[in-house]
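Chain by chain, the residues:
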Protein chains: 2
Amino acid sequence: MFNLHCSMGRTKLVMKKIEDPTSRQQFYSKRKDTILKKSNELAVLCDVDVGLLMFSPAGEVTSYSSKESLEDVMLLAMNKAGELNKRSPENPNEQPLTEILTQSKHEGKMVEKIAIVESHEEKLNKLKESLSEAQQKIRYYEPQVENINSVQEADAYEKFIRSAMELIQLSKAKLLGGQEFFQRNENVAVSFVNTEDMAAAGTSRGRMY
Amino acid sequence: MFNLHCSMGRTKLVMKKIEDPTSRQQFYSKRKDTILKKSNELAVLCDVDVGLLMFSPAGEVTSYSSKESLEDVMLLAMNKAGELNKRSPENPNEQPLTEILTQSKHEGKMVEKIAIVESHEEKLNKLKESLSEAQQKIRYYEPQVENINSVQEADAYEKFIRSAMELIQLSKAKLLGGQEFFQRNENVAVSFVNTEDMAAAGTSRGRMY
DNA sequence: CCGTCTATTTATAATTC
DNA sequence: TGAATTATAAATAGACG
């Protein structure tokens, strides 16, 4: 139900607490630096305020802020939040623009993500279906000999495969000029009797029997 | 001396404010998501507390915290040491941070959603691969006559299909007591010569000529 | 404006020294 | 053990639609 993996490098990691303390601390140190670096890049390149707090597995605090102190950034956010609380009492209908912007953006994104998840679920199911269908079909063409228990069953498989063979033979005949309908190959001879079977074979695609 | 550049991709960027507002906003959006994701990874993999606050160029606040609220993380840090207490806020907690708390929850859910999307994408890709493989195989068995342009091509298909037929014939022969290897059917006769072709057909999958 | 693609750079897990 | 190396995955800038 959740993201199982993350990260680059030789292999992917499971999104789950690293149990070995040494590895965990090592991991933390590296990743912490990267996040710090990227936070700083964001703050500088976009000229925005960023505040960051991280606790190491040992409890050591690392903080970053684009302003003098992290508190300044927090206060900014608090003020922002406070602004959102202000409503003009005389005009209850009049919502502060900032509130509309921020809230709707959040909601919008949530809805968007949920939509993506749903669409993926749909795609997944369709794909699974297609795959299962395709694999079923392949079972007809590549039957497991040990699973065939009767001549009738074998005949059913054979019929199916024969339609494919007929298609090819037909194709070859056409390519050779359509003159010799009965083809002879180095090591295989196939003869056809009527075209009904061919037609039937041609339309038998998609559904099995 | 210092890091004058940053980033991956086609070129390096100068560590300086992006002047074009559109580019800046675009840059912010992408990078913000990455930092959120990585912060979450750090929190989960290392089982530590992380708090993050980012302002967009437009002033929109994005927050993340591994705890219920960013406030919790902040308080943790404040209790930890005076490191962050350079300035004691003149209006301490005059405004409860309910808004931030709410936003944190939103972001937390966002992270979760993003994770789901990613795991789905992974599954999707795997399925697509399997399906494409299966369909490729089926193309050998159900060639589109109109797409076969040479006898050589037709021969390749034929060999492939023949191996399936041989399997069936073999199976039938066994079921019938292994006496008649050459089967005769109502309207089609197929004879086999050697098994080399089968092997060849079996390995020729993937690419046609 | 927003997604997609691709070449390139970064980040980094595993491994080596 | 831990710093350096290597192989691999992720991030992402720029281009295109």
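Everything numeric here is computed off the predicted structure, so don't read it as measured data.

Peer 1: I'm lost on the overall build of chain A in this one. Help?
Peer 2: What chain A contains, in helices and strands, is five helices and six strands. For chain A, the N- to C-terminal ordering of α and β elements is β-β-α-β-β-α-α-α-β-β-α. Taken over 209 residues, chain A has a buried fraction of 42%. Look at the contacts in chain A between residues 6 or more apart in sequence, and 28% of them connect residues 24 or more apart. Here chain A displays about 11900 Å² of accessible surface, and carbon together with sulfur accounts for 51% of that area.

Peer 1: Hey, could you run me through the protein's contact with DNA strand D in this one?
Peer 2: Around DNA strand D, the structure places 17 residues, and the nearest of them are Ser7(A), Met8(A), Arg10(A), Arg31(B) and Thr34(B). Among atoms of DNA strand D positioned within 4 Å of the protein, sugar and phosphate together represent 76%. Backbone polar atom of Arg10(B) to a sugar or linking oxygen of DNA strand D: 3.5 Å apart, as the coordinates give it. For DNA strand D, a phosphate oxygen lies 2.3 Å from a polar atom in the side chain of Thr34(B). Ranked by residue count, the leading element in the surface near DNA strand D is helix H1 (residues 21-46) of chain B, at five residues. The residue makeup of the surface near DNA strand D, split by class, is four nonpolar, six polar and seven charged.

Peer 1: Explanation requested: the packing of helix H1 (residues 21-46) of chain A against H1(B) in the structure shown.
Peer 2: Taken N-terminus to C-terminus, the directions of H1(A) and H1(B) make an angle of 160°; their axes are 10 Å apart at the nearest point. For the element pair H1(A) / H1(B), the angle class is roughly antiparallel. By crossing handedness, the relation of H1(A) to H1(B) is classed as left-handed. Its residues placed into classes, the contact of H1(A) with H1(B) shows twelve nonpolar, three polar and ten charged.

Peer 1: Would you explain the sheet that holds strand S4 (residues 61-65) of chain B in this entry?
Peer 2: Remark on secondary structure: sheet strands pair via backbone hydrogen bonds, oriented parallel or antiparallel. Pairing is antiparallel in the open sheet, where four strands are placed in the order S4(A)-S3(A)-S3(B)-S4(B). Single-partner strands in this sheet number two, and they are strand S4 (61-65) of chain A together with S4 of chain B. For this sheet, the mean inter-axis angle between neighbouring strands, taken without regard to orientation, is 5°.

Peer 1: Would you mind showing me how to read the protein's contact with DNA strand C here?
Peer 2: Around DNA strand C lies a shell of 18 residues, among which Thr11(A), Arg31(A), Thr34(A), Met8(B) and Arg10(B) are the nearest. Protein-adjacent atoms of DNA strand C, using a 4 Å cutoff, are sugar or phosphate at a proportion of 77%. Contacts to DNA strand C include Ser7(B), whose backbone N or O atom sits 3.0 Å from a sugar or linking oxygen. Between DNA strand C and the protein, one listed contact pairs a sugar or linking oxygen with a backbone N or O atom of Gly9(B) at 3.2 Å. Sorting elements by how many residues they give to the surface near DNA strand C places H1(A) first, with five residues. Of the residues that constitute the surface near DNA strand C, the class distribution is four nonpolar, seven polar and seven charged.

Peer 1: Teacher, can you tell me more about the nonpolar core here?
Peer 2: If you look at the biggest cluster of nonpolar residues, it comprises 30 residues, and the most contacted ones within it are Leu42(A), Val50(A), Leu42(B), Val50(B), Leu52(B) and Met54(B). Of all the elements in the fold, those that place two or more residues in this core are H1 and strand S3 (50-55) of chain A together with H1 and strand S3 (50-55) of chain B. Look past the residues within four positions of Val50(A) in its chain and what remains in contact with it is Ser39(A), Leu42(A), Ala43(A), Tyr64(A), Ser65(A), Ser66(A), Val73(A), Leu52(B), Leu53(B) and Met54(B).

Peer 1: What is the right way to read the environment of His5(A) from this model?
Peer 2: Counting through the fold element by element, His5(A) comes out in strand S1 (residues 5-6). For His5(A) and Lys16(A), which are eleven residues apart along the polypeptide, the C-alpha to C-alpha distance reads 8.6 Å.

Peer 1: How should I be thinking about the packing of helix H4 (residues 151-175) of chain A against helix H4 (residues 151-175) of chain B in this particular structure?
Peer 2: Helix-helix packing is characterised by the crossing angle of the two axes and by the distance between the axes. For the pair H4(A) and H4(B), the least separation of the axes is 9 Å and the interaxial angle reads 160°. Judged by the inter-axis angle, H4(A) sits roughly antiparallel to H4(B). When the axes of H4(A) and H4(B) are compared, the crossing they make is left-handed. For the contact of H4(A) with H4(B), the per-class residue count stands at 16 nonpolar, two polar and eight charged.

Peer 1: Got a minute to help me understand the pattern of salt bridges in this structure?
Peer 2: Any two side chains of opposite charge can pair, so long as their charged atoms come close to each other. Following the criterion strictly, the structure yields 13 salt bridges over all chains and no others. A salt bridge links Glu158(B) to Lys172(A); its shortest N-O distance comes to 2.8 Å. One end of the pair, Glu158(B), is in helix H4; the other, Lys172(A), is in helix H4, on a second chain. Judged on exposure class, the residue Glu158(B) and its partner Lys172(A) are both buried. Measuring nitrogen to oxygen at the nearest pair gives 3.0 Å for the salt bridge that ties Glu158(B) to Arg162(B).

Peer 1: Help me out: how do you make sense of the pairing of S3(A) in this one?
Peer 2: Regular strands show a simple pattern: their side chains alternate between the two faces of the sheet. All names here are of chain A. With respect to burial, S3 is a largely interior element, six of its six residues being buried. Burial along S3 is two-sided: the residues Val 50, Leu 52 and Met 54 and Gly 51, Leu 53 and Phe 55 are all buried. Direction of pairing for S3 relative to S4: antiparallel, over a ladder of five bridges. The residue bridging Gly 51 from the neighbouring strand is Ser 65, located in S4. Remark: five residues form the turn of the hairpin made by S3 and S4, two consecutive strands paired antiparallel; Gly 59 in that turn has positive phi of roughly 100°.

Peer 1: How should I be thinking about the pairing of S3(B) in this particular structure?
Peer 2: Examined bridge by bridge, S3(A) and S3(B) share five bridges and lie antiparallel to one another. If you follow Met54(A) over to S3(B), its bridge partner there is Val50(B).

Peer 1: Explain unusual backbone geometry to me, please; I cannot follow it from the model alone.
Peer 2: Where the residue is not glycine, phi is negative for most of them; where a peptide bond is considered, it is trans in most cases. Residue and element names in this part refer to chain A. Of note in this structure, Asp 47 is not a glycine but carries a positive phi near 55°. For Asp 47, the location among the structural elements is in the loop between H1 and S3. Judged by relative accessible area, Asp 47 falls into the partly exposed class, the value being 49%.

Analysis parameters
Residues numbered from 1 in each chain as written. Chains lettered and ligands numbered in written order. Predicted model: local features only at pLDDT ≥ 70, side-chain atom pairs only at ≥ 80, totals over all residues. Heavy atoms only, no water. Helix = DSSP H or I, 4+ residues; strand = E, 2+ residues; numbered from the N terminus. Buried < 20%, exposed > 50% of the residue type's maximum accessible area, 1.4 Å probe, protein only. Contact = heavy atoms within 4.5 Å. Areas by Shrake-Rupley, 256 points an atom, 1.4 Å probe, with all protein chains shown as cover. Near = heavy atom within 4 Å. Polar contact = N/O pair within 3.5 Å; in protein donor to acceptor, adjacent residues only side chain to side chain. Nonpolar A, V, L, I, M, F, W, Y, C, P; charged D, E, K, R; others polar. Axes fitted to C-alpha atoms, helices over the stretch in contact; angles between N-to-C directions. Parallel < 35°, antiparallel > 145°, perpendicular 65-115°, else oblique. Left-handed = near helix turned anticlockwise from the far one by under 90°. Pairing = 2+ DSSP bridges. Core = buried A, V, L, I, M, F, W, Y, C linked by side-chain atoms within 4.5 Å. Salt bridge = Lys/Arg side-chain N within 4 Å of Asp/Glu carboxyl O.

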